[in-house]
Amino acid sequence: MAKKTYRQAISEALFHEMRRDERVIVMGEDVAGGQGGTGQIDAYGGVLGVTKGLIGEFGPERVIDTPITESAIMGAAAGAATQGLRPVAELMFVDFLGVCFDQIYNQAAKFRYMFGGKAVTPLVIRTMIGGGLRAAAQHSQTLYSIFTHIPGLKVVVPSNAYDAKGLLIQAIRDDDPVIFCEHKLLYDTEADVPDEAYTIPFGEAEFTREGDDVTIVAFSRMVHLANQVADKLAKDGIEVEVVDPRTTSPLDEDSIIESVENTGRLVIVDEAPPRCSMAGDIAGLVAREAFGALKAPIEAVTCPHTPVPFSPALEDLYIPSAEKIEAAVRKVMEYKP
Amino acid sequence: MAKKTYRQAISEALFHEMRRDERVIVMGEDVAGGQGGTGQIDAYGGVLGVTKGLIGEFGPERVIDTPITESAIMGAAAGAATQGLRPVAELMFVDFLGVCFDQIYNQAAKFRYMFGGKAVTPLVIRTMIGGGLRAAAQHSQTLYSIFTHIPGLKVVVPSNAYDAKGLLIQAIRDDDPVIFCEHKLLYDTEADVPDEAYTIPFGEAEFTREGDDVTIVAFSRMVHLANQVADKLAKDGIEVEVVDPRTTSPLDEDSIIESVENTGRLVIVDEAPPRCSMAGDIAGLVAREAFGALKAPIEAVTCPHTPVPFSPALEDLYIPSAEKIEAAVRKVMEYKP
Amino acid sequence: MQLSRDDLLEAYRRMRTIRAFEDRIHEEFAAGEIPGFVHLYAGQEACAVGMCMNLDDNDVIGSTHRGHGHCIAKGCDVTGMMHEIFGKADGLCGGKGGSMHIADLDKGMLGANGIVGGNPPLAVGAALAARNLKTGGVAVSFAGDGSSNQGTTFEAMNLAVVLKLPVIFVIENNGYGEGTGVDYAVGCKDIAARAAAFGMPGTHVDGSDFFAVYEASREAVERARAGEGPSAIEMRITRFYGHFEGDPQLYRADDEVETLKRDFDCLKKFRARVTEASLLEADQLNAVDDQVARLIDDAVRTAKAAPYPGPDALERDVYVSYP
Amino acid sequence: MQLSRDDLLEAYRRMRTIRAFEDRIHEEFAAGEIPGFVHLYAGQEACAVGMCMNLDDNDVIGSTHRGHGHCIAKGCDVTGMMHEIFGKADGLCGGKGGSMHIADLDKGMLGANGIVGGNPPLAVGAALAARNLKTGGVAVSFAGDGSSNQGTTFEAMNLAVVLKLPVIFVIENNGYGEGTGVDYAVGCKDIAARAAAFGMPGTHVDGSDFFAVYEASREAVERARAGEGPSAIEMRITRFYGHFEGDPQLYRADDEVETLKRDFDCLKKFRARVTEASLLEADQLNAVDDQVARLIDDAVRTAKAAPYPGPDALERDVYVSYP
Ligand SMILES: Cc1ncc(C[n+]2csc(CCOP(=O)(O)OP(=O)(O)O)c2C)c(N)n1
Ligand SMILES: Cc1ncc(C[n+]2csc(CCOP(=O)(O)OP(=O)(O)O)c2C)c(N)n1
Ligand SMILES: [Mg+2]
Ligand SMILES: [Mg+2]
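A few points on the structure. The model shown is predicted, which means the values in this text are computed figures rather than measured ones. (Residues numbered from 1 in each chain as written. Chains lettered and ligands numbered in written order. Predicted model: local features only at pLDDT ≥ 70, side-chain atom pairs only at ≥ 80, totals over all residues. Heavy atoms only, no water.)

As a further point, take the overall build of chain C. The secondary structure content of chain C amounts to 12 helices and 7 strands. Computed over its C-alpha atoms, the radius of gyration of chain C comes to 19 Å, within 12% of the 20 Å expected for a compact globule of 323 residues. In terms of overall dimensions, chain C has C-alpha extents of about 55 × 50 × 40 Å along its principal axes. Buried positions account for 66% of the 323 residues belonging to chain C. Looking at chain C as shown, the accessible area adds up to about 10,300 Å², and 49% of this sits on carbon and sulfur atoms. One finds the centroid of the 32 positive side-chain charges in chain C at a distance of 3 Å from the centroid of its 48 negative side-chain charges. (Helix = DSSP H or I, 4+ residues; strand = E, 2+ residues; numbered from the N terminus. Rg over C-alpha atoms; globule rule 2.2 N^0.38 Å. Buried < 20%, exposed > 50% of the residue type's maximum accessible area, 1.4 Å probe, protein only. Areas by Shrake-Rupley, 256 points an atom, 1.4 Å probe, with all protein chains shown as cover. Lys, Arg positive; Asp, Glu negative; His and termini not counted. Charge placed at Lys NZ, Arg CZ, Asp CG, Glu CD.)

So, in C-alpha cells, the structure goes:
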C-alpha cells in the first residue's frame, strides 16, 4: 500500500465519489480558484490545494467556485441536498462558521426532525480546524464542540490520512449532514492509504495504542501527541491506551467506557478551550457510566480559556503539548485517594 | 419590598441604567416597534414588552429600532461599544445567533485579546432562551453553552426576577461583552425586587436550597424545578442542596466543588441537548476537582439529543421535568459501589 | 393571459382556501385551541397563488414564518396542515414542526421557516439541483419586506446571478416587519430596484391583483425555465391580521386594516374581475366557497380529535441513519 | 483641491511608507522570518491614503485582512506594526494579533480583520457612537470587491442608511477575491451602483489616482460630517503581490502584474503629477524615500531583536475585569 498524505487521501476520496456518483458536487470559495481571472481556472484547487484537479475532470457545473458568501454556500448546499444532489461544500476555515451557522444548525441539521422524518439532506461540509500555523485568533479555532452540541449534525475529526479517506467517503455516502473537520497541520502527514474506495463507519473509535494503566481520549491532531506520550511512557512501564473516537457525533461511547473500565484512569486531550467542550463531554460520560471503575480524577489537557494568540511563542504554549499530556498522565497515575 | 415580575425587573434595570448613564443605549428589532408605521411608535416595546416605555423617555437616538439585520445589529453594537457607548443589543431569540454569531464571537469577544489588551467592549446582548411556549425547533433553544465555550464572553442565566435585575445592571456596568439570557417562561414569575439599583457580581452562585445529601446544579428555569424536587424530597428525608450558578461564564467553581465535597453526590439539570453542554462542563469540573468526595456517578438531566419538537405532547417530554430530576436524585442516593 | 376557466377556478379555490384556513385559525387561536406562534397569511393570497399557478410539483418553493398560504398554494394537503398546526401525530410533519415548519418535499414545498432570511439560500440550492439534475424545475423564494434586509437574502441573490440559476425571488412587501414599517426599515425606496442592482431583472406588482401577480410570475418562471437566470418580483400587499396571533397591532392606525380590507382584498378583486368579464359565474365561486368551508370545518374537527404523537416519536427522525 | 504642499508631502510619505513596508515584508516573508498569513497592500496605497488624508484621530476606520496600508494611512506606529507582525511583545498588539489583527484604538484604527465582511457592521457602530456622543467624527469601512458580496456588508449599508449615520463604505476593487475574478463573483457590473441601490450615493474612482480618491473621499466625508448620512466609493485598483504571501498567482496572466505596475502605479502617478505641476520637487520626494527606507530598516532590525511575549501574557487580557 502506498504512503499518501492526508491531503492526497482527501483528494482521492473526492475523485472517487465524484466519479462514482454524478450527484456529488463540490462548491466553495476558490475550490478551483481562477474563475474570472486572466490565468488558469484551477489556479488554487482550494486554498491548500485539496480540491486541485477536480474542475478539470468534472467541470464547472460540478466544481463550483462561489463568491465569498458562506451563508449562501451553506444554504445552497443544504437546499440542493434536499433535492437530490450530494454537495460537498467547503467552509474554508471553521472560524467562519459565524457568518453562516444558521444555514447549518437551524436549517440543514433540523430539516429531518422538523419535517417529521421526510427530508433527507446528504450534505458534507469540509472545513479546516486547528492552530499551529500562526494564523491567529480568527483562523485557528477548532470549534467542533459547537457542531457536536447540535442534534442532527454528524461531526468527523480524522487524525490521519487513512481515516480521512475512509471517513470522507462515508460522509459523502451518508444521508445526514456531516461536518468534516480537517486539521491544517495534518495535510502533509502520511499514512498507508489504499488506492481503492473504502468507508469507515461513524461512531467507531480506533485504539491507536493499547494499555492497561491510563486511557487517553484524544481528537484529531492530538492523537499524534497522545501516541508519542504513550510510546515514551511505555519505556517507564506506564501502559497508556489511546482512543481516537474519529467522530465526535456520533460518539463511540462504548469503546471509551470499556477502556476506562479496564484502566480506571482517564486523560482527555482536546485542542480547544476548556468550557462546554469535548473535554467536559467525555468526562461527563465517564463520570456517569464508568464511575465505579475510576481510580483517579479525570484530567483534561486543553487550551486555556483565551482566544488563539498569534505570536509563535504564545501559540506554542496555547496548544496542548506532549509535555502537558505526559504530566497529566503522571498525575492520574500518582493519584492517591 | 415589592413583588415584581422578571419582566419588570429587567425593565427597571434598563430604566435605571439609561437614566444613570447617557452612554447606555438599547437597540434591536422592535425594541420600540412602531417606527414607520401608521400607529404608535412604542407599539411593542420588544416582542414580549420588556423594553416598553424606553423610547418615550429616552427617544429614538438611544432606543433604536433596527431593520431585521442581526449581523449589523450585533456588529454595530460591538463597534459602538469600542467607541464609548454602552449598547444593550437585543437578539430577540437566541436561536437567531446563527445569522450574527461572527460579530459576537470573532469580533466583540476577541477584540481585547487580539488587540493586546487595548480594546474595551462594554456590550450587553439580551436574548431569550428556552422551551415551553410551543415555539418549535427554531425558537426554543437555549444555546448558552455555545457562548460559554467562547473565551472573551461572559454569560448570564438569571433564574428569578431579583437576580435578573441585579445581574443586568452588573452586565451593563461591566466592561466586557455579556450575553444575558432571559428564559421566556420566567417573564411572569415574581420575586421581591428592590426599587433601587443594585448589582450582583458575576461568578457567584446562589444556594437556593441547602442540604447534605445531594447537590443539584441547575440553570435558569431549571432552578425552579430543582427547588421543587428539593422541597418534595425533604419530606422523604433526602436533603438536596440546589446551586444556581447564575453565570455560566465566569463559573463559580468553588461553590460547586464545595457543595459536592460536602454532599458527595451531584445531579446537573440543564435545559439543553446533552453533548458539549453545561452538563458535561460541570461534570468535568467535579470529576477533576472533587473526585475524592464523589460517592456516586454524576447524573445529568438534560434534553435529548434532538431538535425541540413542536407538539405540546412532545415538548413536555423534551424539557427536563421535576419527575426526571427526582428520579436522578434517587438514583444517585441509591447507588451502591 | 393563458389561464383557462378551470385554472381560474382553481386559483380562486386556492385563494379562498387560504383565506378560510387563516380566518378559522384566527378563531381557534383566540379560543386557545392552537399552541405556539402563528402568523397568518390572510390578505396576501394572490401573491402565493398567482406565483404557484405557474409551478408544478417539480418546482420548489421556500417559505417563511408566514407560510400557510405558500403551502396551500403549492398543493400541500390542507387537512395534514391543520393537524400539524394542532400538533397532532398525523400532521404533515408528525406534529414536530408546527405552523412555522410545515413542509412537504413531495409537493416541492421546502418548508416554512422560522428564520427571517432563512429560505433564500435554500431556494438557490433547489435551483442548483434543478440545473444539475436537469429536472426542468425552477425554485421560488418567498420573503417579506423585512426579510429583504437580511444579508442572507442578498447573498442568495448574488449567488443566483453568478451561477445563473433558475430561481425567482418574491418579496411580499406587506408594509411591516413585525411592527416596523417598511419605509423605516428599507433604506431605499424600492425593494425591486435593490434586487435589480444585484444583476437581475426586478419588477413590482400590486400583490392584491391576482392577474398582475400571475403575469409577472409567468414571465419570471419562463425566463428561469429557459435558462436565462434569476429575477425578482416585489409584490405590494397587506396582511389583514397582526404580525402574529395575539398582536394588538398598536403600530397601525385604527382604520388602516378596515380601509385595506375594503380596497385591497385580492379575493374581492378577483371575484369582481372574473364575473364582470364573464369568465366565471358567481354561483361557481359560491360553490367553491361552500366546499372550502366544509373542508376547513372537517380539518379542524378531525385535528381536534386526532391523537398527539406518542413518546416514541421524541427521539425518532433526528438522523436518517439511526431512526 | 484643498491640499497644501505639506499635505502632499505627507500623503506621499504615507504612500511610500506603505509601499516600502510591504516590499520589505515580502522579502522577509520569503526568507522565512515572518510567521502566519500575510496579505500585502502594495499597489493600493492611494486608496487608503487618499481617504485617510481626510480623517483625524477622532475618526474611525475598520479594515480587512489586507490591513497594513490602512493602518499606516491612519497613523499607526510603523515600528509597532512591524514588531507585531514579527510576533514580538512590544508589537502594537503585544504580539497577540499579528498581521491580520493590527489595531490601534487611540488612532481610530478599529482593527484589521480576518473575517471578510467583518468590519462594515463595526464601522456602522463607530458612526453610531460618533453620532450619539457628538464627537463630530466619521467612520470608514474599507472592504474588498470580494467582501462586497458578503451579507454583512449589505446589512451594514442598509442600517447606515436607515439611521443616517456618518459612515463611508470604501470598496477597494482590486479585481480579485483570492483567485476569483470580480467579473465572476459580483453578479452585477458595478459595485458602486449596487451600494447606491441601498439608498446612498455611490461613485467610483480610479484608485491609483490619489487625487481622484482624495476628492471623492473629501465629498463623502464632508457629507457624513454634515449629518447627511452614508455613502459608498468603489476604488478600482490592483494589488502588486499575490493574495497572500506565497501565492503563485496562477489565476493571473503572466504579464498582468507587469502591465499594471507600469500603468497603474499610484506612486509613479503621484510623483509625475506633483512634479509636473511643480507642486513638489523630485528632491523632496527622494528625501522622503530615503527617510522611509531607514524607518523600515530600523523597524525590521529592532523587530528581529525584540523579545517574544512571555508565558504570563498567554492568559492576560481576555477580559477587562480579570486581567
Ligand atoms: C433571523 C430572525 N430575526 C428575527 C426574527 C423574528 N421575526 C419573525 S417574523 C419577523 C418579521 C418579518 O417581516 P417580513 O419579512 O416583512 O415578513 P412578514 O412578517 O411581514 O410576513 C421577525 C422580525 C426571526 N424569526 N428570525
Ligand atoms: C468570512 C470569510 N470568508 C473567507 C475568508 C478567506 N479569505 C480571506 S481574504 C479573501 C478574499 C477577499 O477578497 P477581497 O474582499 O476582494 O479583498 P482582497 O483580498 O482582494 O483585498 C478570502 C476569501 C475569510 N477570511 N473570511
Ligand atoms: Mg412584512
Ligand atoms: Mg479583492
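Time to look at a negative patch on the surface. Residues and elements named next belong to chain A. A cluster of acidic residues, Glu253, Asp254, Glu258 and Glu261, forms a negative patch at the surface. Of note, Glu261 is situated in helix H8 (residues 253-263). You can call Glu261 partly exposed: its relative accessible area is 47%. (Patch = residues over 30% accessible without salt bridge, like charges linked within 9 Å, V, L, I, M, F, W, Y side chains within 5 Å. Salt bridge = Lys/Arg side-chain N within 4 Å of Asp/Glu carboxyl O.)

This next bit is on the coordination of the magnesium ion (ligand 3). Residue and element names in this part refer to chain C. For the magnesium ion (ligand 3), the full set of protein donor atoms is Asp145 (OD), Asn174 (OD1) and Tyr176 (O), and the range of their distances to it is 2.0 to 2.1 Å. Here the donor residues for the magnesium ion (ligand 3) map to a single chain with the spacing D-x28-N-x1-Y. Exposure class is identical for Asn174 and Tyr176. Each is buried. (Donors = N, O, S within 2.8 Å, 3.2 Å for Na, K, Ca; no water.)

This part is about the site of ligand 2. Taken together, 21 residues form the shell around ligand 2, and within it A:Glu70, D:His65, D:Arg66, D:Gly114 and D:Ser147 come nearest. Residue D:Val116 places a main-chain N or O atom 3.0 Å away from a nitrogen atom belonging to ligand 2. D:Ser147 is positioned such that a nitrogen or oxygen atom in its backbone is 2.8 Å from an oxygen atom of ligand 2. The protein chains hide 97% of the 580 Å² of surface that ligand 2 would expose on its own. Split into classes, the residues belonging to the shell around ligand 2 amount to 6 nonpolar, 10 polar and 5 charged. (Near = heavy atom within 4 Å. Polar contact = N/O pair within 3.5 Å; in protein donor to acceptor, adjacent residues only side chain to side chain. Nonpolar A, V, L, I, M, F, W, Y, C, P; charged D, E, K, R; others polar.)

On to the pattern of salt bridges, then. Inspection of every chain in the model, using the stated rule, returns 92 salt bridges over all chains. Salt-bridge contacts for B:Arg19 lead to B:Glu57; the nearest nitrogen and oxygen are separated by 2.8 Å. Here B:Arg19 is found in helix H1 (residues 6-20), whereas its partner B:Glu57 is found in helix H2 (residues 54-58), with 38 residues between them in sequence. Taking the relative accessible area as the measure of exposure, B:Arg19 reaches 54% and is therefore exposed. As a salt-bridge pair, C:Arg252 and C:Glu256 come within 2.9 Å of each other at their nearest N and O atoms. In this structure, C:Arg252 and C:Glu256 share a single accessibility class: buried. When salt bridges with common partners are traced through the structure, they connect A:Lys4, A:Glu12, A:Lys165 and A:Asp195 into a single cluster.

Of the consecutive residues A:Ser249 and A:Pro250, the connecting peptide bond is found in the cis state with omega at 0 degrees. The residue A:Pro250 is located in the loop between strand E12 (247-249) and H8 in this model. Here C:Gln249, not a glycine, exhibits a phi torsion of approximately 55 degrees, which is positive. Its location among the elements puts C:Gln249 in the loop between strand E7 (231-236) and helix H10 (256-263). With a phi close to 50 degrees, D:Glu178 is a non-glycine residue in the positive phi region. The topology assignment puts D:Glu178 in the loop between strand E4 (176-177) and strand E5 (180-181).

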